[in-house]
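Results of the structural survey
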Amino acid sequence: MVRDALDATLEECWVVGEVSNARLAPSNHFYFTLKDERSSINVVMFKTAFNRMRFKVTDGMEVIVRGRVQVFEQRGALQLYAEEMEPRGVGALQVAFEQLKRRLEAEGLFDKARKRALPYLPRTIGIVTALGGAGLRDMLRILFDRFPNVRVIFRPAKVQGDGAAEEIARAIADLNRDGRAEVLIVGRGGGSLEDLWAFNEEVVARAIFRSAIAVISAVGHEIDFTIADFVADLRAPTPTAAAQLVVPSMRELKDRVASCGAALVTAMERELAGMRETVDDFGERIRHPGSVIAEAREHVEGVRAELAGAIESRIEECRRTIRELRLRLRSPDTMIRTMRLRTGRLAVDLIQTGASALEKRRRQVGALAGRLDALSPLKVLDRGYAVVINQRDSRAVLDAATVKFGEELEIRLAKGRLTARTIGRTI
């Protein structure tokens, strides 16, 4: 009766609230609670409706849910059976775009370090777009107008609607397997966010990331941004801009080559003129070989004469040195006798000096012994004094207060020692 009453009085409705306790069951049915500050209701979204959603539902998200209120009879619970859900205030596609962008950016798919430079003049260009689309016609027209000799490999793919993302990903993979293209242009003409959505799908982003060939993303107009733009090696504002970026203009190249050729000819002529001047200058400075050889011979003869004179002078100097050494050298016997006499004199001097030093040291030792004897404590004992030693610690007694009754004392005299025991003291 409750179910029939709800069917009769409460038609399909829209409910606004905050998501909590969101969970996906193994059956792919999605369960959560929709609440506001006053109330809450349990919501179930069956897998058919859940699979149509483009964004991820998380706790705390404010949503608008369309569905019917029914009673789950087995538990007697009131539930909202959802057929459609949208984020409140922001479109579902925009939320899905931001969620996927954050996740892929965290994985490193947007890193600038991995982006590759495009080849300057590719021989073959691969294009992935819709067959018969305006974007393809514009790209081909600009490519062949700028560089007629370029080759184009076209791999058609759906760029809008169901299955478009998978077709774009397969087309990128096919051109990679083909291997002839040196750069790929992946894109389409302008449209709404829904029209461009295939280029926001994860499968396309990962296909671009895996591509071994550099990829230019050319989707929509200049104000349109897609996930493919962030993953690609280069983003072009439009498909026509991509065609302009991928190849240089042949006319501009010819003009540049002509300009470089003219500059090269001018530089070569200037260099040749400088070389001619250098050769002429050398020609004026170079003399006849015969005169150069004659001058060299004269120089050699002069050096030879100077060398001979220097050798003779050195030989004569050595002869004088030898003569002087001969005069200074005497007979070995004479030298030995002289050294013996000198040694004898040195020995006598050494003995006399040693004896004098020894006597001086003896006198010094005697004087020091006398001073030491005068300072000896034993001299004090000779004058009638005594040294008292406490046998308890073997120290001299300087203060009667340090001696206890009955302690043994050793009295050291000038001659002999006495042993005593304390029976009294006066302080």
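To start, this report covers the structure provided alongside it.

Considering the packing of aromatic side chains
Under the criterion given, the structure shown has 5 aromatic pairs. Ring plane angle 35° and centroid distance 5.4 Å describe the contact between phenylalanine 110 and phenylalanine 230, whose orientation is recorded as tilted. In this pair, phenylalanine 110 is assigned in the loop between α3 (92-107) and β6 (124-129) and phenylalanine 230 in helix α7 (residues 227-231), connecting sequence segments 120 residues apart. Centroid distance phenylalanine 225 to phenylalanine 230: 6.2 Å. Interplanar angle 25°. Geometry classified as stacked. Taking the relative accessible area as the measure of exposure, phenylalanine 225 reaches 44% and is therefore partly exposed. Clustering of aromatic rings is evident, with ring pairs tying together Phe30, Phe32 and Phe50.

Let's talk about the pattern of salt bridges
Applying the stated criterion to the full structure yields 22 salt bridges. Salt-bridge contacts for glutamate 12 lead to arginine 66; the nearest nitrogen and oxygen are separated by 2.7 Å. Here glutamate 12, found in the loop between α1 (2-9) and β1 (13-24), pairs with arginine 66, found in strand β4 (residues 62-72); they are 54 residues apart in sequence, far enough to count as distant. Using a relative accessible area of 43% as the deciding quantity, one classes glutamate 12 as partly exposed. Note that arginine 206 and glutamate 107 form a salt bridge whose closest N and O atoms lie 2.7 Å from each other. Taken together, the residues span a long stretch of sequence, with arginine 206 in helix α6 (residues 202-210) and glutamate 107 in helix α3 at a distance of 99 residues. Members of the salt-bridge network, linked through shared partners, are Arg103, Glu107, Glu202 and Arg206.

About the cut-offs
- Residues numbered from 1 in each chain as written.
- Predicted model: local features only at pLDDT ≥ 70, side-chain atom pairs only at ≥ 80, totals over all residues.
- Heavy atoms only, no water.
- Phe/Tyr/Trp six-rings, centres within 6.5 Å; stacked < 30°, edge-to-face > 60°.
- Helix = DSSP H or I, 4+ residues; strand = E, 2+ residues; numbered from the N terminus.
- Buried < 20%, exposed > 50% of the residue type's maximum accessible area, 1.4 Å probe, protein only.
- Salt bridge = Lys/Arg side-chain N within 4 Å of Asp/Glu carboxyl O.

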